[in-house]
Protein chains: 2
Amino acid sequence: MRIGCGAARIPRPDPVARGAHAVRGHSVSVVTGKRRSATNPVTIGDIARVAGVSRSTVSRAFSRPEMLSGETVHRVRAAADQLGYVVNHAARALSTGRFGNIAVVVPDIANPFFPPLVRRVQTLADQADYAVFLGDSDEIADREANLTSRLSAQVEGFVLAAPRLDEQRIRELDAQRPVVLVNRDIEGLARVLIDPSGGLDEAVAHLHRLGHRRVVYLSGPRESWSDQQRRAALNRAAERVGIEVAVQELGRPSSTGGRDAVGGILASGATAVIAFDDVVAQGVLAGLALRGIAVPRDISVIGCDDTLASGTNPALTTISAASAAAGEAAAELLLARLADAERPAERVAIATHLVVRETTDAARPAARE
Amino acid sequence: MRIGCGAARIPRPDPVARGAHAVRGHSVSVVTGKRRSATNPVTIGDIARVAGVSRSTVSRAFSRPEMLSGETVHRVRAAADQLGYVVNHAARALSTGRFGNIAVVVPDIANPFFPPLVRRVQTLADQADYAVFLGDSDEIADREANLTSRLSAQVEGFVLAAPRLDEQRIRELDAQRPVVLVNRDIEGLARVLIDPSGGLDEAVAHLHRLGHRRVVYLSGPRESWSDQQRRAALNRAAERVGIEVAVQELGRPSSTGGRDAVGGILASGATAVIAFDDVVAQGVLAGLALRGIAVPRDISVIGCDDTLASGTNPALTTISAASAAAGEAAAELLLARLADAERPAERVAIATHLVVRETTDAARPAARE
DNA sequence: GTGAAAGCGCTAACAC
DNA sequence: GTGTTAGCGCTTTCAC
């Protein structure tokens, strides 16, 4: 048994002994008799002891070094480095309310629209010393609600990308923690909106010029703001030039969904397809290929989001969406808001345009006309 | 001044008055007069007051309801629901050491190999009531180190996917918190390994059968275990059948990297290309198309990971990698470990095979031979 | 410039 | 079965 450790409670025998045994309340094999703290391997108290100062001083050395003598700061920092200290944000948050965490919630991280967005958010957050939680709602509003409420006690703010939640719940969340929306337009909230109308106007004009008079729109999820915008913008543009639009409901955007929609597309008699996104469009391409229907000879296909680059077969004409740019704008909005609570909730709009691929133009006068 | 509140310290006057003042230390514009607690809007103490029980009882009603009378549990839960209570995991962690968080760290979330993996991890974690942090190291070992150390005080464990960190630092991390590796083989650590040899054997046999005798391998990042494995497995298989392999170093896998490699590929005189992953292979396809070189007539291309489905042009022959399956296995390993600390670190292997696309077989006898 | 003490929200020995 | 008390790691008045 060790003797002579005068401290009121012996915090931690020594670096080696530390880290060896179980958690409070559990009787784990006590053979070694060692145990590390519930959370941090090295705490402010450890540093205080080594540096010969109080815990407050150590704390200040990190958060308000200007309050301390340079000498002290240096000594504390040295001790911290030596011990390998890393701040416990959770504990800090308990007293400051600042977690140093934000959350990004998406409907489906496997949908190629979102990874570039998430990546930008993560990068900017990291630069501002925030860590990021990722929530994947699987396109389900209630799961999104669970995620956000679960997370709200650990984050300072949210980026909700294409949220499926109803407006009411989003407003409630925003009342708790600052929220930045991507592709969802709620008055008074910070939001980044990708406006599809520019790209769709061009797409419709393009199709019209090529002789198409009837197109089918393969929709996205009902809850999707983007889908609503695209639908509306398409109808407006089509009406203007005298093109007829038939909508085919698809729900969750997926390649198989697009493939399975081919039957309906052909039955509709349309000569061109505009898909909710590139993933769906790619499925359509695959489905058409299976039936031996040639694109663009027999039918034209246009996607949205420009997520598949020129990788499809044939290379897909699409409408740009700039998801990374949206992620960047969202992160900036949120971080600025966290840095300055008084900042008003801004609204950022991102324009789109038609991207016609060089290799093959998916839009052509339909042979069946 | 309020009198008669016998408690040693007055916790909080009442629900309305609460939230009425500024953040500790900050003098915020008090016009609205509203302000919530540093972290949670409603705490265990609030519930205790409403339900007329002690805070411990409230706590127990959630963590160990079987200790309490059904009546009490019910009353507490009712009060909690009414107030809209959500547990503060950070505070809980401070006393239990259990955060209810895990972290997934990837080199590049925009690389299509990772989203399905991350998604599976997130889904399984969610089911076990864990929230997940996402770290994107941008392929940089030091950033990965920062992320993991930053996060280690808020998570119970890590999934490190294709980590770029050196073995030593990974071991140190694992000593702090359980780590599960994906595509990195470190003895004694839990890991999920996708074994490329099956698929590469098939690919090489396939190419050999078609008459190819010289292939170029477009490598991945040096730090990548997967790349090392693929390189080695390819060399073994090639040697066996008498095919010559030229390696072209590429670093970070990207479509543009693949496209820019085309010059070197052509100069090498090889008749087939095996790329580190599908993204690179797609870039090669694009680069070849730009030069008017036909695949598979003039040269054959095979990818890895099967991340682009049949969306490339022409549809890409590739080697399966099952990133979702890897994510699932990794999550299971980690969650099992968290539920039972005594569990040994397992090693899971995932086999691969060659996926020859229906539309067009990218491997053919080279015309230039 | 630095230390003592209280407290963030929660859990867990230890009474009763 | 339930309340009391102490304490997780950190910050922050308030003294000195």
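Being a predicted model, the structure only gives us computed values, none of them experimental.

Reading guide: rules and limits
- Residue positions are counted from 1 within each chain, in the order its sequence is given.
- As a convention, the first chain written is A and the first ligand written is 1, with the rest following in written order.
- Side-chain atom pairs in this predicted model are given and counted only at pLDDT of 80 or more, local residue features only at pLDDT of at least 70, and totals for whole chains, interfaces and linings cover all residues.
- Hydrogens and water are ignored here; the side-chain numbers use all heavy atoms of the structure.
- To qualify as a helix, a DSSP run of H or I must reach at least 4 residues; to qualify as a strand, a run of E must reach at least 2; elements of each kind are numbered from the N terminus.
- Only protein chains enter the calculation, and the probe is 1.4 Å; a residue is then buried if its accessible area is under 20% of its type maximum, exposed if over 50%, and partly exposed in between.
- Only heavy atoms enter the contact rule, under which two residues are in contact if any of them lie within 4.5 Å.
- Here the accessible surface of atoms and residues is derived via Shrake-Rupley with a 1.4 Å probe, and residues count as covered only by protein chains that are part of the display.
- For two strands to pair, DSSP has to find at least two bridges joining them.
- Between the N-to-C directions of two axes lies an angle of 0 to 180 degrees, each axis being a line fitted to C-alpha atoms and, for a helix, fitted only over the stretch in contact.
- Confidence of the predictor at the level of single residues is given by pLDDT, which spans 0 to 100.
- What counts as a salt bridge is simple: a side-chain nitrogen of Lys or Arg found within 4 Å of a carboxyl oxygen of Asp or Glu.
- In this comparison the copies share one frame, found by least squares on the C-alpha atoms of residues holding pLDDT of at least 70 in both.
- UniProt positions are given in the numbering used here, feature names are shortened, and annotations may be inferred rather than shown by experiment.
- Summed over both partners, buried area is the accessible surface (1.4 Å probe) that two parts give up on being assembled.
- For this analysis, a polar contact is any N or O atom pair within 3.5 Å, provided that within protein one partner can donate a hydrogen and the other can accept it, and provided that sequence-adjacent residues contribute only side-chain to side-chain pairs.
- Note that Gly is not counted as nonpolar here; it falls among the polar residues with everything else outside the nonpolar set of Ala, Val, Leu, Ile, Met, Phe, Trp, Tyr, Cys and Pro and the charged set of Asp, Glu, Lys and Arg.
- Viewed with both strands pointing away, a crossover whose connecting path from the first strand over the helix to the second turns clockwise is right-handed.
- Among the buried residues, those of types Ala, Val, Leu, Ile, Met, Phe, Trp, Tyr and Cys that are joined through side-chain atoms within 4.5 Å form a nonpolar core.
- Multiply 1.5 Å by the residue count of a helix minus one, and that product is the helix's expected span.

Caption draft 1: Representation of the overall build of chain A within the structure. The helix and strand inventory of chain A stands at 13 helices and 12 strands. When each of the 369 residues of chain A is scored for burial, the buried share is 53%. Look at the contacts in chain A between residues 6 or more apart in sequence, and 68% of them connect residues 24 or more apart. Accessible area for chain A stands at about 15,700 Å²; split by element, carbon and sulfur atoms hold 50% of it.

Caption draft 2: Region of interest: the sheet that holds strand 6 (residues 214–218) of chain A. Residue and element names in this part refer to chain A. Read from one edge of the open sheet, 4 strands run 7-6-8-9, paired in parallel fashion. The open sheet has two edge strands with one neighbour each: strand 7 (244–248) and strand 9 (300–302). Across this sheet, the average inter-strand angle for adjacent strands is 25°, counted without regard to direction. Across 4 bridges, the pairing between strand 6 and strand 8 (residues 272–275) is parallel. Paired with tyrosine 217 across the bridge in strand 8 is isoleucine 274. Of the strands in this sheet, strand 6, strand 8 and strand 9 touch helix 12 (residues 278–290), which is tilted by about 160° from strand 9.

Caption draft 3: Structural detail: the confidence of the model for chain A. On average, chain A scores 85 in pLDDT, and the residues at 70 or more come to 85%. Here residues 1–37 of chain A scores under 50 on pLDDT; set against residues more than four positions off or in separate chains, the count is 37 contacts.

Caption draft 4: Examining the pattern of salt bridges more closely. For the structure on display, the rule yields 51 salt bridges over all chains. Taking the shortest distance from any N to any O, the salt bridge between Asp185(A) and Arg347(A) comes out at 3.2 Å. Residue Asp185(A) is found in the loop between strand 4 (179–182) and strand 5 (190–195), and its partner Arg347(A) is found in strand 11 (residues 347–351); the two are separated by 162 residues along the sequence. For the salt bridge of Arg252(B) with Asp108(B), the shortest nitrogen-to-oxygen distance reads 3.3 Å. One end of the pair, Arg252(B), is in the loop between strand 7 (244–248) and helix 10 (255–260); the other, Asp108(B), is in the loop between strand 1 (101–106) and helix 5 (114–127), with 144 residues separating them in the sequence. Residue classification places Arg252(B) among the partly exposed positions, given a relative accessible area of 34%. Given the relative accessible area of 8%, Asp108(B) is considered buried. Salt bridges sharing partners connect three or more residues here, namely Asp108(A), Asp136(A), Asp138(A), Arg252(A) and Arg119(B).

Caption draft 5: View of unusual backbone geometry. Omega for the bond connecting Val295(A) with Pro296(A) falls within 30 degrees of zero, at 5°, which places this linkage in the cis form. Tracing the backbone through its elements, the reader meets Pro296(A) in the loop between helix 12 and strand 9. Despite not being glycine, Asp138(B) shows a phi value in the positive range, around 60°. If you trace the backbone, Asp138(B) turns up in the loop between strand 2 (131–136) and helix 6 (141–151). One non-glycine residue, Asn183(B), lies in the positive phi region at around 55°.

Caption draft 6: How the structure looks around the relation of the copies chain A and chain B. Between the two copies, chain A and chain B, the superposition gives an RMSD of 0.1 Å; the rotation angle is 180° and the shift along the axis is 0.0 Å. Taken together, the rotation angle and the small translation identify this as a two-fold axis. Interface overlap between copies: 100% of the residues of chain A at the interface are likewise at the interface in chain B, consistent with a symmetric, same-surface contact.

Caption draft 7: How the structure looks around the UniProt feature "domain: HTH lacI-type" (unreviewed entry) in chain A. Under the present numbering, the feature "domain: HTH lacI-type" (unreviewed entry) in UniProt falls on residues 42–96 of chain A. The span residues 42–96 of chain A carries 71% helix and 0% strand; its end-to-end C-alpha distance comes to 20 Å.

Caption draft 8: A look at the interface of chain A and chain B. Listed by partner, the interface residues are 60 residues for chain A and 61 residues for chain B. Buried area between chain A and chain B, summed over both chains or domains, comes out near 4,800 Å², and the portion from carbon and sulfur atoms is 52%. Looking at the side of chain A facing chain B, the largest losses of area belong to Leu94(A), Arg119(A) and Arg150(A), adding up to 14% of the total buried there. Between the two partners, chain A and chain B, sit 8 salt bridges. Residue Arg119(A) pairs with Asp108(B) through a salt bridge whose shortest N-O separation is 3.4 Å. Along the contact surface separating chain A from chain B lie 14 residue pairs in polar contact (both at pLDDT 80 or more). Tallying contributions element by element places helix 4 (residues 89–96) of chain A first for the side of chain A that touches chain B, with 7 residues. Residues belonging to the side of chain A that touches chain B are distributed by class as follows: 27 nonpolar, 20 polar and 13 charged.

Caption draft 9: Region of interest: the sheet that holds strand 7 of chain B. All names here are of chain B. Spatial ordering of the open sheet is given by 7-6-8-9, a layout of 4 strands whose pairing is parallel. Looking along the sheet, the strands with just one partner apiece sit at the ends: strand 7 and strand 9 (300–302). Sheet twist, expressed as the mean angle between neighbouring strand axes with direction ignored, is 25°. Sitting on the sheet, helix 12 (residues 278–290) touches strand 6 (214–218), strand 8 (272–275) and strand 9, and the angle it makes with strand 9 is about 160°.

Caption draft 10: Quick peek at the pairing of strand 8 of chain A. Residue and element names in this part refer to chain A. Burial along strand 8 is two-sided: the face carrying Ala272 and Ile274 and the face carrying Val273 and Ala275 are both buried. Bridge count for strand 8 against strand 9 is 3 bridges, and the pairing is parallel. Within strand 9, the position partnered with alanine 272 by the bridge is serine 300. Handedness of the crossover joining strand 8 and strand 9 through helix 12: right-handed.

Caption draft 11: Structural context of the nonpolar core. Residues Leu117(A), Leu117(B) and Val192(B) are the most contacted members of the largest nonpolar core, which totals 64 residues. Excluding residues within four positions of it along the chain, Leu117(B) makes contact with Val104(B), Ala161(B), Val182(B), Ser323(B), Ala324(B), Ala326(B) and Gly327(B). Ranked by size, the runner-up nonpolar core spans 34 residues in total, among them Ala103(A), Val105(A), Val155(A) and Phe133(B).

Caption draft 12: Local environment of helix 8 (residues 197–209) of chain B. Helix length check: helix 8 of chain B, at 13 residues, gives a terminal C-alpha distance of 18 Å against a target of 18 Å (1.5 Å per residue), a fit within 8%. Just beyond helix 8 of chain B, the residue with positive phi is Gly211(B), at close to 105°.

Caption draft 13: Geometry of the pairing of strand 4 (residues 179–182) of chain B. Residue and element names in this part refer to chain B. Because side chains alternate across strand 4, one face comprises the buried residues Val179 and Leu181, and the other comprises Val180 and Val182, equally buried. Relative to strand 4, strand 3 (residues 157–161) runs parallel, the two sharing 4 bridges. Following the sheet pairing, phenylalanine 158 is matched in strand 4 by valine 179. The parallel pair strand 3 and strand 4 is bridged by helix 7 (residues 167–176), and the resulting crossover is right-handed. In this sheet, strand 5 (residues 190–195) lies alongside strand 4 in parallel orientation, the contact comprising 3 bridges. Among the inter-strand pairings, leucine 181 is bridged to a residue of strand 5, identified as arginine 191.

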